[in-house]
Amino acid sequence: QVQLVESGGGLVQAGGSLRLSCAASGRTFSNYAMGWFRQAPGKEREFVATINWSGSSTYYADAVKGRFTISRDNAENTVILQMNSLKPEDTAVYYCAVTNFSRGTPKLKIEYRYWGQGTQVTVSS
């Protein structure tokens, strides 16, 4: 049974940093893309960042480019989202996701097969 478990969320002041981690279990995802999405209250879940199977290619939403960094450790079956210079508008539940067919940098929710339960990130002004 595949499980994705996020951790690292919390409350931080604007300008601060958080590091989100997502641990996958149940199968190995080293051959597939992994990504992060977020959902603010009353809004659709939106793409944040994605990383290809080897970690050599990444892609970010414009809203987080230059502030967030996605990375992965295939030996540990984990994906990390380092978030710096946080803004109140980054407040959302953050979800990690894994595709089961793409080795690239997919950006659409429909391209991801497995999802974590989410972790809350709250940025105060």
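What comes next concerns the included structure.

About the cut-offs
- Residues numbered from 1 in each chain as written.
- Predicted model: local features only at pLDDT ≥ 70, side-chain atom pairs only at ≥ 80, totals over all residues.
- Heavy atoms only, no water.
- Phe/Tyr/Trp six-rings, centres within 6.5 Å; stacked < 30°, edge-to-face > 60°.
- Helix = DSSP H or I, 4+ residues; strand = E, 2+ residues; numbered from the N terminus.
- Buried < 20%, exposed > 50% of the residue type's maximum accessible area, 1.4 Å probe, protein only.
- Lys NZ or Arg CZ within 6 Å of the ring centre and 35° of its normal.
- Pairing = 2+ DSSP bridges.
- Salt bridge = Lys/Arg side-chain N within 4 Å of Asp/Glu carboxyl O.
- Disulfide = S-S within 2.5 Å.

**Examining the packing of aromatic side chains**
- As enumerated under the stated definition, the model contains six aromatic pairs in all.
- With a centroid separation of 6.1 Å and an interplanar angle of 35°, the aromatic rings of Phe 47 and Tyr 59 are classed as tilted. Pair noted here: Phe 47 is in strand S5 (residues 46-51) and Tyr 59 is in strand S6 (residues 58-60), with a separation of 12 residues, a long-range link.
- Look at Phe 47 and you get buried, because its relative accessible area is 14%.
- Residue class for Tyr 59 comes out partly exposed when judged on its relative accessible area of 38%.
- By the ring-pair criterion, three or more aromatic residues cluster together here, those being Phe 37, Phe 47, Tyr 59, Tyr 112 and Trp 115.
- Across the ring face of Tyr 95, the terminal group of Arg 45 is positioned such that the distance to the ring centre comes to 3.6 Å.
- Directly above the aromatic system of Tyr 59 lies the positively charged group of Lys 107, at a separation of 4.4 Å from the ring centroid.

**Considering the pairing of strand S11 (residues 119-124)**
- Where burial is concerned, the two faces of S11 differ: the one with Thr 119, Val 121 and Val 123 is buried and the one with Gln 120, Thr 122 and Ser 124 is not.
- As defined by bridge partners, strand S2 (residues 10-13) adjoins S11 across four bridges and the pair is classed as parallel. For Val 12, the partnering residue across the bridge sits in S11 and is Val 123.
- When strand S9 (residues 92-98) meets S11, the two strands line up antiparallel, connected through three bridges. Counterpart to Ala 92 in the pairing with S11 is Val 121.

**Examining the pattern of salt bridges**
- Applying the stated criterion across every chain, the model contains four salt bridges.
- Glu 46 is paired through a salt bridge with Arg 38; the nearest N and O atoms lie 2.7 Å apart.
- Accessibility expressed as a relative area gives 37% for Glu 46, which makes it partly exposed.
- Among the residues examined, Arg 38 registers a relative accessible area of 6% and is labelled buried.
- Two residues, Asp 90 and Arg 38, come together in a salt bridge whose shortest N-O distance is 2.9 Å. With Asp 90 in the loop between strand S8 (78-83) and S9 and Arg 38 in strand S4 (residues 34-39), this residue pair connects regions lying 52 residues apart in the sequence. A single burial state applies to Asp 90 and to Arg 38, both of which are buried.
- Because the salt bridges share partners, they merge into one network encompassing Arg 38, Glu 46, Arg 67 and Asp 90.

**A word on the state of the cysteines**
- Considering all chains together, one arrives at one disulfide under this definition.
- A disulfide bridge connects Cys 22 with Cys 96, and the sulfur atoms are separated by 2.0 Å. Here the residue Cys 22 occupies a position in strand S3 (residues 18-25), and Cys 96 occupies one in strand S9, the gap between them amounting to 74 residues. Across this residue pair, the class does not change: Cys 22 and Cys 96 are buried.

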